[in-house]
Amino acid sequence: MATITSFEDLDIWKKAIDLGVMVYELSDNNSKIAKDFSFKDQVKRAAQSVSNNIAEGFEYSNNNDFWRFLRIAKGSCGEVRSCLLFSVRVKYTTNEEVNVMIEFARLLGSQIGNMMKYLRANKAQQSKNKTNP
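Below is a summary of the structure that appears in this document. Since the structure is predicted, the reported quantities are computational estimates derived from the model, not experimental observations.

1. Regarding the packing of helix α3 (residues 37-59) against helix α4 (residues 63-89)
Right, on to step 1. Where α3 contacts α4, the two axes come as close as 8 Å, and the packing angle between them is 160 degrees. Taken as axis vectors, α3 and α4 run roughly antiparallel relative to one another. Read as a crossing pair, α3 and α4 show a hand that is left-handed.
Right, on to step 2. Within the contact of α3 with α4, the residues separate by chemical class into 16 nonpolar, six polar and three charged.

This is the structure in C-alpha cells:
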C-alpha cells in the first residue's frame, strides 16, 4: 500500500476529478444544458464540490475534519446524480447519455462512504488503544 501524503494521492479525489470533467463536458457540449445557465451552474458546482471537499478535508490533517468534508463530498455525489436524473426528466439528456455518469457518481459516493467508515473505525481503534495501555 502506497503512503498517502497529499489529497492528490487519493483514488477518490482522482475519481472526483474524473466525474467533474465528465459533467463539465456534458454541460458544455449539450445545447439544452448550455442554454440553461441556472441548471448548468448547479450541476457543475455540485460536481466540483466533490473533489474540492475531499481536498479541503484532507488538508486539515485531522480525521474528524476530513470525515466531515467527506460527508459533504458524498452528498455532492448524490446532488450530481439528482441533477443528471432531472436532466433526463426535462429531456435535456437521455438515459443513454448520463447512465455512465450516474453509475460513476454512485460508485464514487460508495467509495467515499467506505473511506468514512475506515476513518471512524480507525478513530475507535485509537480511542481503544488510549484507554488500554
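2. Digging into the nonpolar core
Right, on to step 1. In terms of nonpolar packing, the biggest core is built from 34 residues, with L10, V50, I54, L70, L108 and I112 touching the most fellow members.
Right, on to step 2. Not counting the four nearest positions on each side in its chain, I54 is found in contact with L10, I12, W13, A16, F66, L70, A73 and I112.

3. Considerations on unusual backbone geometry
Residues apart from glycine generally show negative phi values, whereas peptide bonds are mostly found in trans.
Right, on to step 1. With phi around 55 degrees, S61 is a residue other than glycine that occupies positive phi space.
Right, on to step 2. Position of S61 among the secondary structure elements: in the loop between α3 and α4.
Right, on to step 3. Given a relative accessible area of 69%, S61 falls into the exposed group.
Right, on to step 4. Not every positive phi belongs to a glycine, and K91 is a case in point at roughly 65 degrees.
Right, on to step 5. Counting through the fold element by element, K91 comes out in the loop between α4 and α5 (95-131).
Right, on to step 6. The exposure class of K91 is exposed, given its relative accessible area of 60%.

4. Quick notes on the packing of aromatic side chains
Right, on to step 1. In total, this model carries five aromatic pairs according to the counting rule given.
Right, on to step 2. When the centroid spacing of 5.2 Å and the interplanar angle of 65 degrees are considered together, the rings of F7 and W13 count as edge-to-face.
Right, on to step 3. Ring centres of F39 and Y92 lie 5.7 Å apart, and the angle between their planes is 80 degrees; this geometry places the pair in the edge-to-face category. In this pair, F39 is assigned in helix α3 and Y92 in the loop between α4 and α5, connecting sequence segments 53 residues apart. Of the two residues examined, F39 and Y92, each falls in the buried class.

Parameters at a glance
Residues numbered from 1 in each chain as written. Predicted model: local features only at pLDDT ≥ 70, side-chain atom pairs only at ≥ 80, totals over all residues. Heavy atoms only, no water. Axes fitted to C-alpha atoms, helices over the stretch in contact; angles between N-to-C directions. Helix = DSSP H or I, 4+ residues; strand = E, 2+ residues; numbered from the N terminus. Parallel < 35°, antiparallel > 145°, perpendicular 65-115°, else oblique. Left-handed = near helix turned anticlockwise from the far one by under 90°. Nonpolar A, V, L, I, M, F, W, Y, C, P; charged D, E, K, R; others polar. Core = buried A, V, L, I, M, F, W, Y, C linked by side-chain atoms within 4.5 Å. Buried < 20%, exposed > 50% of the residue type's maximum accessible area, 1.4 Å probe, protein only. Contact = heavy atoms within 4.5 Å. Phe/Tyr/Trp six-rings, centres within 6.5 Å; stacked < 30°, edge-to-face > 60°.

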